[in-house]
Amino acid sequence: AVLHPIGWGLGSDSETIAVDGRRSTAMDGDAQPYSPADARLTAILDSLLLGAVIIDPARHRIVYVNAEAAAIINSPVADMLGKVCHQFICPVAAGHCPITDLHQDIDHSERCVLDHAGEKIPILKTVKKIQFAGREHLLETFMDISAVKEKDRLQGVLEMAGAAAHHLGQPL
């Protein structure tokens, strides 16, 4: 099957979603059409200026990545598809997934995502359960807040420098 260049890809080592609109699973041999809703969803996610990743919660495998997520993570989409999320983009250990294991809600939470080199990138993240390819998946959307964090850090340095300069100007 031919993979869509920015999304339809490996749900696991045995699953491929093809451009022709059929999902083939090597384990059961059945080809199931994906829904028009799935196609609309990925078209919308492909157009967003924030990162979007769809994860199979049962296997914690990345099944979809949009171009913005790949840019934030600094990795080709093809290198991300089919990977286990906590080994690739999420800095938590296996068995400690905030969503599936700890049952947390993540809505506009400051978190980190791992880039291709394993460096942490600060993000603002939301995770929602969605129906995709006929079953429940996790949709993670996020935006890089590195520039905001750097601005806050520099603002703090300037405030400390201002306070030090003020105290130095005062007689002891």
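None of the values given here were measured: they were computed from a predicted structure.

The subject of this paragraph is the overall build of the protein chain. The secondary structure content of the protein chain amounts to five helices and nine strands. Its helices and strands in sequence order give the protein chain the pattern β-β-β-β-α-β-β-α-α-α-β-β-β-α, from N to C terminus. Here the protein chain holds 172 residues, and the buried ones make up 38% of them. Sequence separation of 24 or more characterises 39% of the internal contacts of the protein chain that already satisfy a separation of 6 or more. Looking at the protein chain as shown, the accessible area adds up to about 9800 Å², and 58% of this sits on carbon and sulfur atoms.

Here the structure, examined in full by the defined rule, presents one cavity of 30 Å³ or more. Reported here for the largest cavity is a volume of approximately 30 Å³. If you go around the largest cavity, the residues you meet are Ile 89, Cys 90, Cys 112, Val 113, Ile 123, Lys 125, Glu 140 and Phe 142. Contributions of two or more residues to the lining of the largest cavity are made by strand E7 (106-114), strand E8 (120-132) and strand E9 (135-144). Across the lining of the largest cavity, the residue classes tally to six nonpolar, no polar and two charged.

Note on placement: His 60 falls in the loop between strand E5 (51-56) and strand E6 (61-65). Of the polar contacts made by the side chain of His 60, one reaches the side chain of Thr 100; its length is 3.3 Å.

The next point concerns the confidence of the model for the protein chain. Interpretation of this model should avoid reading the predicted coordinates in detail wherever pLDDT is low. Of all residues in the protein chain, 77% attain a pLDDT of 70 or more, and the chain-wide mean is 77. A low-confidence stretch, residues 1-32 stays under pLDDT 50, and its non-local contacts, those more than four residues away or across chains, total 77 contacts.

Turning our eyes to something else, we now look at the environment of Pro 57. By the secondary structure assignment, Pro 57 is in the loop between E5 and E6. The exposure class assigned to Pro 57 is buried, which follows from its relative accessible area of 15%. Along the backbone, Pro 57 and Cys 97 are 40 residues apart, and their C-alpha atoms lie at a distance of 9.6 Å. Sequence-distant contacts of Pro 57, that is, excluding residues within four places in its chain, are made with Thr 100, Glu 136, His 137 and Leu 138.

The sheet contact formed by E5 and E9 spans five bridges and is antiparallel. Looking at the pairing, Gly 51 lines up with Phe 142 of E9. Inspection of the sheet shows E8 paired to E9 by 10 bridges, in the antiparallel sense. Of the residues in E9, the one forming a bridge with Ile 130 is His 137. Connecting E8 to the antiparallel partner E9 that follows it, the hairpin turn spans two residues, and Ala 133 within it adopts a positive phi of roughly 55 degrees.

Criteria and thresholds
- Residues numbered from 1 in each chain as written.
- Predicted model: local features only at pLDDT ≥ 70, side-chain atom pairs only at ≥ 80, totals over all residues.
- Heavy atoms only, no water.
- Helix = DSSP H or I, 4+ residues; strand = E, 2+ residues; numbered from the N terminus.
- Buried < 20%, exposed > 50% of the residue type's maximum accessible area, 1.4 Å probe, protein only.
- Contact = heavy atoms within 4.5 Å.
- Areas by Shrake-Rupley, 256 points an atom, 1.4 Å probe, with all protein chains shown as cover.
- 1 Å grid on protein atoms, 1.4 Å probe; cavity = no way out; pocket = protein on both sides within 12 Å on 5 of 7 lines; lining within 4 Å.
- Points joined across faces, edges and corners; volume = space filled by probe spheres on them.
- Nonpolar A, V, L, I, M, F, W, Y, C, P; charged D, E, K, R; others polar.
- Polar contact = N/O pair within 3.5 Å; in protein donor to acceptor, adjacent residues only side chain to side chain.
- pLDDT = per-residue confidence, 0-100.
- Pairing = 2+ DSSP bridges.

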